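Summary of the model geometry
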Amino acid sequence: MRLAFLCLLLLAPAAFAQDAIHRCVATDGQAVFTDQPCQALNARPAVPEPQAGAISVDPTATSLAPTLCAADLDTLRQAIADAFAARDANRLGGITLWEGGRDSAVADLRQWAALVRQPLLAVEGNEHDGLTVRTSGSGGSNEAHFGLRRRSGCLWLAPG
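Residues numbered from 1 in each chain as written. Predicted model: local features only at pLDDT ≥ 70, side-chain atom pairs only at ≥ 80, totals over all residues. Heavy atoms only, no water.

Time to look at the state of the cysteines. Scanning all chains against the criterion turns up one disulfide. For Cys69, the disulfide goes to Cys154, at an S-S distance of 1.7 Å. Since a negative S-S torsion denotes a left-handed disulfide, the Cys69-Cys154 link at about -100° is left-handed. With Cys69 in the loop between strand 3 (44-45) and helix 2 (73-86) and Cys154 in strand 7 (residues 154-158), this residue pair connects regions lying 85 residues apart in the sequence. When its relative accessible area of 34% is taken as the criterion, Cys69 is described as partly exposed. (Disulfide = S-S within 2.5 Å. Helix = DSSP H or I, 4+ residues; strand = E, 2+ residues; numbered from the N terminus. Buried < 20%, exposed > 50% of the residue type's maximum accessible area, 1.4 Å probe, protein only.)

In a regular helix each residue adds 1.5 Å, so 14 residues correspond to 20 Å; helix 4 (residues 102-115) covers 20 Å between its end C-alpha atoms and thus fits that length. Regarding helix 4, the residues found buried are Ala105, Asp108, Trp112 and Leu115. The buried residues of helix 4 occupy an angular sector of 75° when the element is viewed end-on, so they sit on one face. Of the exposed residues in helix 4, the ones pointing more than 90 degrees away from its buried face are Arg102, Asp103 and Arg110. (Expected span 1.5 Å × (residues − 1). Arc of directions from axis to C-beta.)

In structure tokens form, the structure reads like this:
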């Protein structure tokens, strides 16, 4: 009996161990979180693996991959522009610091779904006053204002 109990104690950690969560970007640009390697889902890692040797950056390369954390205002503006280019309100949701309840988040996402279908004219503002997103709608230009919050080294949209 004691031997069986000891075996169970030794095997229990393996039974409850979790594999790493992989952050991937699917071929359609959507963020995917999975316990499988990204390649198994025909996706690429959201954060490229560091290569031994030099770091190469192509400043002319453009990507519609979702921004997971905007470290500065320019990166946040680009993430907003990418959300409009992809016509994807969920991308705005991914760069938003959600502090309200579920109902307000659902309402915001529904409003943003209509907003991202309109052509983006400008993203104006600063970290102190927030950002105003200007779009061109059928009845003229429209505006949506976002406050900004800095948390955990990232700059987030704050709805409202």
